[in-house]
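Survey of secondary and tertiary structure
Chain by chain, the residues:
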Amino acid sequence: MVDALGVAVIGFGWMGRVHTQAYARVRHHYPHLPLRPELVAVAEEVPGRAEEAAAQFGFASTTRHWREVAADPRVRAVSITAPNFLHREIGVAMAEAGKHIWIEKPVGLTAADARAVADAVTQAGVCGAVGFNYRNAPAVEKARDLIAAGEIGTVTHARVRLFSDYAAHPESALTWRYERERGGSGVLGDLASHGVDLARYLLGELTSLTADTAVFVPERARPTGATAGHTRARGGALGPVENEDYVNCLLRFASGARGVLEASRVAVGEQNAYGFEVHGTRGALLWDFRRMNELGVSRGTAYQDQPVSTVYVGPGDGEFGAFQPGAGNAMGYDDLKVVEAYRFLRSIAEHRPYGATLTDAVRSADALEAMTRSAATGTWAGLPTP
């Protein structure tokens, strides 16, 4: 018997749309999932946007006030895709109301915010999932399996990069993303949070790091109306960019491995250039999100001049088989969110965690705060022991 699960989406910008599409598709790819998500409510403060979402996707009700979702007995699970500064308040309120939550990273502005949401989820006994979607790529999961199996020997060092140009244009509007009070730590929370999660997912816990940050576009024009995504603005009053455009840091792992993490939101010529290289004593693994279904693999006993092969993921690698019948057929970004929805719903159905959790969000937030401390002091910063 399939149990209907009333779900709501809070915040209907681009990411709210992605979550909604994932709910709509999840049982197409996972027909044996014992829960059937039903779109009960959508909350969005921009006038007219929630109504447009309901007309397109079939939400049963709309509201401009997220607190109405917390009070709605039909809603059992909530996607929180509102701006970062609202994550703590909404996340805690939804957990306290007994709602399972699927919340986008970085889960607030600070590690304290992430911990508050994590504690609320634990105390309420509900499930909590976090939007670290890149770990869901089958090639990333295959890389993790190869590392765990010792196929590249002992990992010695790794590099994680997240370069994009979404904020490179000087006319990008001065939205909440560029304010410390509402957007938090800029590219750290936006992109480096994903990098920390990938590093931890592949190689285990971080123990310390040292970082440097910069703001390369110091002023932007204030928008004169509602914005979505990375809107451009002309003619508005200029205001200061308060958070980071760029970060690089050196990482130390509990295993003894070393790493480099670099992220930029103003990298002209780069669009979603996310990926990693992991090197071990007998091989290496290379992945680029823009070629999401390919994994570069070097392994063997040659050491010097050892070649790299391109492996196409296929059924048996992560969740690939739920989307495509054979290697060489492509999956895309939205599919990763369907995987995330599946793992969230499976966690609810089985009362055990699958996929990224609030604990992962806290560990990522701890690393981001260590980056901020290190950049301010020019010293190494330690991370709390898990």
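In what follows, the accompanying structure is described. Values in this document were obtained by computation on a predicted structure and should not be read as measured data. (Residues numbered from 1 in each chain as written. Predicted model: local features only at pLDDT ≥ 70, side-chain atom pairs only at ≥ 80, totals over all residues. Heavy atoms only, no water.)

1. Let's talk about the environment of R17
- Among the secondary structure elements, R17 is positioned in helix α1 (residues 14-29).
- Judged by its relative accessible area of 29%, R17 is partly exposed.
- When sequence neighbours within four positions are dropped, the list of residues in contact with R17 reads F12, Q56 and F57. (Helix = DSSP H or I, 4+ residues; strand = E, 2+ residues; numbered from the N terminus. Buried < 20%, exposed > 50% of the residue type's maximum accessible area, 1.4 Å probe, protein only. Contact = heavy atoms within 4.5 Å.)

2. Considering the pattern of salt bridges
- One pass over the full model with this rule turns up 31 salt bridges.
- Here R76 and D3 are joined by a salt bridge, their closest N and O atoms 3.2 Å apart. A residue pair is termed long-range when its members are at least 10 positions apart, and R76 in the loop between α3 (67-70) and β4 (77-80) and D3 in strand β1 (residues 3-10) qualify at 73 residues.
- Taking relative accessible area as the criterion, D3 reaches 35% and is therefore assigned partly exposed.
- Note that D190 is salt-bridged to K105, the shortest N-O span being 3.4 Å. Residue D190 is found in helix α8 (residues 187-203), and its partner K105 is found in the loop between β5 (100-103) and α5 (111-124); the two are separated by 85 residues along the sequence.
- Through salt bridges that share partners, R115, R135, D197, R200, E205, D360, R363 and D366 make up one connected network. (Salt bridge = Lys/Arg side-chain N within 4 Å of Asp/Glu carboxyl O.)

3. Some remarks on α8
- Here α8 contains 17 residues, and its C-alpha end-to-end distance of 22 Å stays within 8% of the 24 Å for a straight helix at 1.5 Å per residue.
- Along its length, α8 shows its largest kink, about 35°, at S193.
- Counting buried positions along α8 gives 17 out of 17 residues, so the element sits mostly inside the fold. (Expected span 1.5 Å × (residues − 1). Bend = angle between axes of the 7 residues up to and from the residue.)

4. A few points about the sheet that holds strand β12 (residues 258-264)
- Read across the sheet, 9 strands follow the order β16-β15-β14-β13-β7-β12-β11-β8-β17 without closing on themselves; strand pairing throughout is mixed. Whereas interior strands pair on both sides, the edge strands pair on one side only; in this sheet they are β16 (309-312) and β17 (381-382). (Pairing = 2+ DSSP bridges.)

5. Concerning the sheet that holds β4
- Taken in spatial order, the 6 strands of this open sheet run β3-β2-β1-β4-β5-β6, and their pairing is parallel. With one partner strand each, in any of the chains shown, β3 (61-63) and β6 (128-130) form the two edges of the open sheet. Direction aside, the axes of adjacent strands within the sheet are offset by 25° on average.
- As paired strands, β4 and β5 are joined by 4 bridges and run parallel to one another. Considered in β5, the bridge of I80 is made with I103. (Axes fitted to C-alpha atoms, helices over the stretch in contact; angles between N-to-C directions.)

6. Describing the pairing of strand β2 (residues 35-43)
- The element β2 is extensively covered by neighbouring structure, given that 7 of its 9 residues are classed as buried.
- Pairing analysis gives 8 bridges linking β1 to β2, with the strands arranged parallel. Bridged to A8 within β2 is A41.
- Running through α1, the crossover from β1 to the neighbouring parallel element β2 is right-handed.
- You can see the chain leave β2, run along helix α2 (residues 49-57) and come back into β3, and the turn it takes is right-handed. (Right-handed = clockwise from strand over helix to strand, strands pointing away.)

7. Description of unusual backbone geometry
- Residue P106 is reached from K105 by a cis peptide bond, and omega for that bond is 10°.
- With respect to the helices and strands, P106 occurs in the loop between β5 and α5.
- Phi is positive for Y303, which is not a glycine, with a value near 60°.
- Among the secondary structure elements, Y303 is positioned in the loop between β15 (294-299) and β16.
- Judged by its relative accessible area of 54%, Y303 falls in the exposed class.
- One non-glycine residue, H351, lies in the positive phi region at around 60°.
- Tracing the backbone shows H351 in the loop between α9 (333-350) and α10 (358-377).

8. What about helix α6 (residues 138-148)?
- The complete set of buried residues in α6 reads P138, A139, V140, E141, A143, L146 and I147.
- Residues of α6 that are buried make contact with β7 (155-163), α8, β13 (273-280), β14 (283-288), β15 and α9.
- Just downstream of α6, G150 is the residue with a positive phi angle, here 75°.

9. A word on the packing of aromatic side chains
- This model, assessed by the stated rule, comprises 15 aromatic pairs.
- With 5.9 Å between their ring centres and 45° between their planes, F216 and Y246 make a pair best called tilted. You can see F216 sitting in the loop between β8 (206-214) and β9 (219-221) and its partner Y246 sitting in strand β11 (residues 246-253), a full 30 residues away along the chain.
- Since its relative accessible area comes to 16%, Y246 is described here as buried.
- The interplanar angle of 35° and the centroid separation of 5.6 Å between the aromatic rings of F276 and W287 together place this pair among those described as tilted. Here W287 lies in strand β14 and F276 lies in strand β13, a separation of 11 residues in the sequence.
- With a relative accessible area of 2%, W287 lands in the buried category.
- Through successive ring pairs, a cluster of aromatic residues spans W14, Y134, Y274, F276, W287, F289 and Y333.
- Over the face of the ring belonging to W380 we find R252, whose NZ or CZ atom lies 3.8 Å from the ring centre.
- Positioned above the aromatic ring of Y354 is the side chain of R346, whose terminal nitrogen or guanidinium carbon lies 3.9 Å from the ring centre. (Phe/Tyr/Trp six-rings, centres within 6.5 Å; stacked < 30°, edge-to-face > 60°. Lys NZ or Arg CZ within 6 Å of the ring centre and 35° of its normal.)

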